[in-house]
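Chain residues, written in single-letter form:
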Amino acid sequence: MKRIRNEGRSAARLIGSFAVVLGLGLTSVACAPGGQSDATDEGKSGEPQSGGDLTVLLDAGFAGGWATGLDPATSNTTGANLPQNSAIFGGLFTLESEEGAEAEIVPNQAESYEWTDEGRTLTITLRDGITFTDGTPMDADAVLWNWIRALNSGSTGAPRIDLKTDGPAPTLDPEFMDSLWAALPEDVNKADVESDLTAIQVVDDLTLKIQLNTVNGSLLNSFPGTNLNLIGSPTAYAEMGAEAFSLMPVAAGPFIVTSDKLNERLELEKNPDYFKEGLPYLDELTFQSVAGDQVAYQTLLAGQGDVIEGLSSVTLIEEAEKNPDVKVVLGAPTSPYVIQLNSRIAPFDDKRAREAIYYATDFDAINEGLFKGQGEMSQSFTASGGLFWEPDVEGYRTYDPEKAKEIVEELGGLKVTLGTTDIVTARSVTTALQTQWAEAGIDVEIEAQALGDVISDFVGGQWEAMLQTAGAWDPSVGIGVSVRFGSTSPYSGAPLPEGAANAGDALARGLETELDQLLADSIATIDPEERKARYAAVAKYISDEAYGPFGMAFSPAQVMRKNVYGPGLTTPIPALAVNQGVLYDRVWVESD
């Protein structure tokens, strides 16, 4: 039996995860490419020091919101709450980088992993001796309990996994099963849970294996951005109950939750039994939600915060760079702007109209004019901080207003409604595009709407063109290229498979397009070089079919006081989705 976990996620759940990323993506603006920084890294500054406290300011519209709590199985903001998750849970795996690029997934609470069965079985071994902060062991049973909850409790942070569920059912301890059922939603599909337990099994106290129907070369890369990476204490959950655990989860990360005011303030203290000797450095860590970049920066200057994660205003970044009292570190960009064109309806069901948009668009000029040349240009769906970057795509249609005019005349005119989220930066870009396209004879109406309305347009399928950003370090995970261009994604404007009435029909009948097959092929190997070659084919196909011109990529900046250091702050780490990740167990402050 084949069952793809989350393949049938409801539109509402997909909307939830999409909204989180799109919301900030359209807010954000360009920063310098390639992880450039004017700050010193932790090594150059001297030996890390233990002690002290830190207050991190998070945008209330993204990482600073955790309305559905911090239980990974039920939270709908797992991808946005990476700062809190890093501090509380630590994670089985982390994304690490020495120079801002060339990042890699590294075992953390996991000790190692191994692919066997030609890439269809992933075996993960845990480090011995790790305990949750309630003193109970973080062993294979605890990880299994968490994974089954993660996949079956409705969180938008759950990954899509094509599990092999036709194997023999394991014999599990009745006490374990009672604990698991008690922690799952009352309306959970028990058959799904039992299927998962045939595919995800405990090998011994420290080892688990995940069996897949098909090779998934991005599964491991997806871990740090999903709830499978975040392991909580089953014992604490049973004792506290769902609500209290969601507010103050008990895990084995570097810090312990001491106070949680949802969407406002999260206070943590050092875990004295953390499994890494000498870490964390900080005694106390606080996350404070603030209303946007301006408030965050003023709060930092007023001495009421030490770090801003993800400052995206170019003006404020430049101001901060001139301030001798703070440091600014620009991350490695992973996600360029893209103008998605809906090829399923007029006018972009005509390839000539899509080509006209390519030729009429000058993202280089927008980058220079609006972002002072700080963006990194890309002709595909990633940038230098992401995997499989293809900055130049063979045959890509570049700015040529005369060609655009010729096509528009051949079409007898071209009218376009260009959608965007009603945010200052996004509106500035669409206004620039409107001017450029008008020079080619294209009549443009800008439709700036609230994020929810933009998402409704996507789901309704009647949108024409949509400006957006977002993407992922690995283009197959999160809001990656499949979400943008896969035929069955609610957010895609790429054509439906031939004969399909709609995306649901295509899914039910197993229909797919050539692009769908290329996207599937891109993860059907665990060889990174093979994947790079296959993603190059995806980028060329999207370019050849003119499904959406790409532009400049950005990564929001980390801004901090001069005495703060640590990976993800003074040493850039590529963004898994939007903001850089921070490894809070190694963040430290230099005393006076």
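Here, the structure is the one placed above.
Residues numbered from 1 in each chain as written. Predicted model: local features only at pLDDT ≥ 70, side-chain atom pairs only at ≥ 80, totals over all residues. Heavy atoms only, no water.

Chemist: Can you break down the nonpolar core residue by residue, with the values?
Modeler: Within the largest apolar cluster, 72 residues are counted, with the highest numbers of intra-cluster contacts made by Trp-147 and Phe-223. Top element by residues in this core is helix H3 (residues 140-152). It accounts for nine residues. Among residues more than four places away in sequence, those in contact with Trp-147 are Leu-92, Ile-124, Ile-200, Leu-208, Ile-210, Phe-223, Leu-228 and Ile-231. (Core = buried A, V, L, I, M, F, W, Y, C linked by side-chain atoms within 4.5 Å. Buried < 20%, exposed > 50% of the residue type's maximum accessible area, 1.4 Å probe, protein only. Helix = DSSP H or I, 4+ residues; strand = E, 2+ residues; numbered from the N terminus. Contact = heavy atoms within 4.5 Å.)

Chemist: Provide a residue-level description of the pattern of salt bridges, including the pertinent values.
Modeler: Applying the stated criterion to the full structure yields 18 salt bridges. Across the pair Asp-585 and Arg-586 runs a salt bridge, and its minimum N-O distance is 3.3 Å. Accessibility assignment for this pair places Asp-585 and Arg-586 in one class, buried. Among the charged side chains, a salt-bridge network with shared partners connects Glu-96, Lys-276, Asp-585 and Arg-586. (Salt bridge = Lys/Arg side-chain N within 4 Å of Asp/Glu carboxyl O.)

Chemist: A description of the sheet that holds strand E20 (residues 550-554) should follow, citing residues and the corresponding values.
Modeler: If you walk across this open sheet you meet the six strands as E16-E20-E15-E19-E17-E18, and the pairing is mixed. At either margin of the open sheet sits one strand with a lone partner, and together these are strand E16 (376-377) and strand E18 (442-449). For strand E17 (residues 414-421) and strand E19 (residues 465-468), the ladder comprises two bridges, and the chain directions are parallel. The residue of E19 that forms the bridge with Leu-418 is Ala-465. (Pairing = 2+ DSSP bridges.)

Chemist: Lay out the packing of H3 against helix H4 (residues 174-183) in plain terms, naming residues and giving numbers.
Modeler: As a packed pair, H3 and H4 sit with axes 10 Å apart at the nearest point and diverge in direction by 30°. Comparing the axis directions of H3 and H4 gives the class roughly parallel. Of the two elements, H3 crosses H4, and the hand of that crossing is right-handed. Each of Asp-141, Leu-144, Trp-145, Ile-148 and Arg-149 in H3 lies in contact with H4, whose residues at this interface are Phe-176, Ser-179, Leu-180 and Ala-183. Considering only residue class, the contact of H3 with H4 consists of six nonpolar, one polar and two charged. (Axes fitted to C-alpha atoms, helices over the stretch in contact; angles between N-to-C directions. Parallel < 35°, antiparallel > 145°, perpendicular 65-115°, else oblique. Left-handed = near helix turned anticlockwise from the far one by under 90°. Nonpolar A, V, L, I, M, F, W, Y, C, P; charged D, E, K, R; others polar.)

Chemist: Please provide a residue-by-residue account of unusual backbone geometry, values included.
Modeler: Peptide bonds are mostly trans, and most non-glycine residues show a negative phi. At the junction of Leu-279 and Pro-280, the peptide bond is cis and its omega measures out at -5° in the coordinates. For Pro-280, the position within the fold is in the loop between strand E11 (265-270) and strand E12 (284-290). Of note, the bond from Ala-346 into Pro-347 is cis; its omega dihedral lies within 30 degrees of zero at 5°. Inspection of the secondary structure puts Pro-347 in the loop between strand E15 (335-341) and helix H11 (351-360). Phi at Lys-372 takes a positive value of approximately 55°, unusual for a residue other than glycine. In this fold, Lys-372 is placed in the loop between helix H12 (363-371) and E16.

Chemist: How would you sum up the packing of H11 against helix H19 (residues 528-545)? Please name residues and give values.
Modeler: Packing of H11 against H19 leaves a shortest axis separation of 9 Å and a crossing angle of 105°. Between H11 and H19, the interaxial angle falls into the category roughly perpendicular. Counting all contacts with H11, which are made through Lys-351, Arg-354 and Tyr-358, the residues of H19 involved are Ile-542, Ser-543, Asp-544 and Glu-545. Across the contact of H11 with H19, the residue classes break down as two nonpolar, one polar and four charged.

Chemist: Outline the pairing of strand E13 (residues 307-311), listing residues and values.
Modeler: Most of E13 is tucked away: five of the five residues are buried. Relative to E13, strand E2 (residues 53-59) runs parallel, the two sharing two bridges. Residue pairing in the sheet places Leu-57 in a bridge with Ile-308 of E13. Taken together, the four bridges between E13 and strand E21 (residues 557-561) define a ladder with antiparallel strand orientation. Pairing of Leu-311 across the sheet is with Ala-557, part of E21.

Chemist: So, the environment of Val-589: which residues are in play, and what are the values?
Modeler: Checked against the element boundaries, Val-589 lands in strand E23 (residues 588-589). For Val-589, a relative accessible area of 14% translates into the label buried. Counting along the chain gives 72 residues from Val-589 to Gln-517, while the straight-line C-alpha distance between them is 49 Å. Apart from residues lying up to four places away in sequence, Val-589 is in contact with Gln-49, Gly-51, Gly-52, Asp-53, Leu-54, Leu-282, Asn-563 and Val-564.

Chemist: Go over empty space enclosed by the protein with me, naming the residues and quoting the values.
Modeler: According to the stated counting rule, one finds eight cavities of 30 Å³ or more in the structure shown. Empty space within the largest cavity amounts to approximately 240 Å³. Residue lining of the largest cavity: 20 residues in total, with Leu-82, Ser-86, Pro-224, Leu-576 and Leu-583 positioned closest to the centre. Elements that contribute at least two residues to the lining of the largest cavity include exactly helix H2 (82-88) and strand E3 (93-96). Considering every element that reaches the lining of the largest cavity, the biggest residue donor is H2, with four residues. Classifying every residue of the lining of the largest cavity by side-chain character gives eleven nonpolar, nine polar and no charged. (1 Å grid on protein atoms, 1.4 Å probe; cavity = no way out; pocket = protein on both sides within 12 Å on 5 of 7 lines; lining within 4 Å. Points joined across faces, edges and corners; volume = space filled by probe spheres on them.)

Chemist: Describe the environment of Pro-234, listing the residues and the values that go with them.
Modeler: Locating Pro-234 in the fold gives a position in helix H7 (residues 234-240). Looking at Pro-234, the relative accessible area reads 14%, which means it is buried. Residue contacts for Pro-234: discarding those within four places in its chain leaves Phe-132, Ala-142, Trp-145 and Asn-146.

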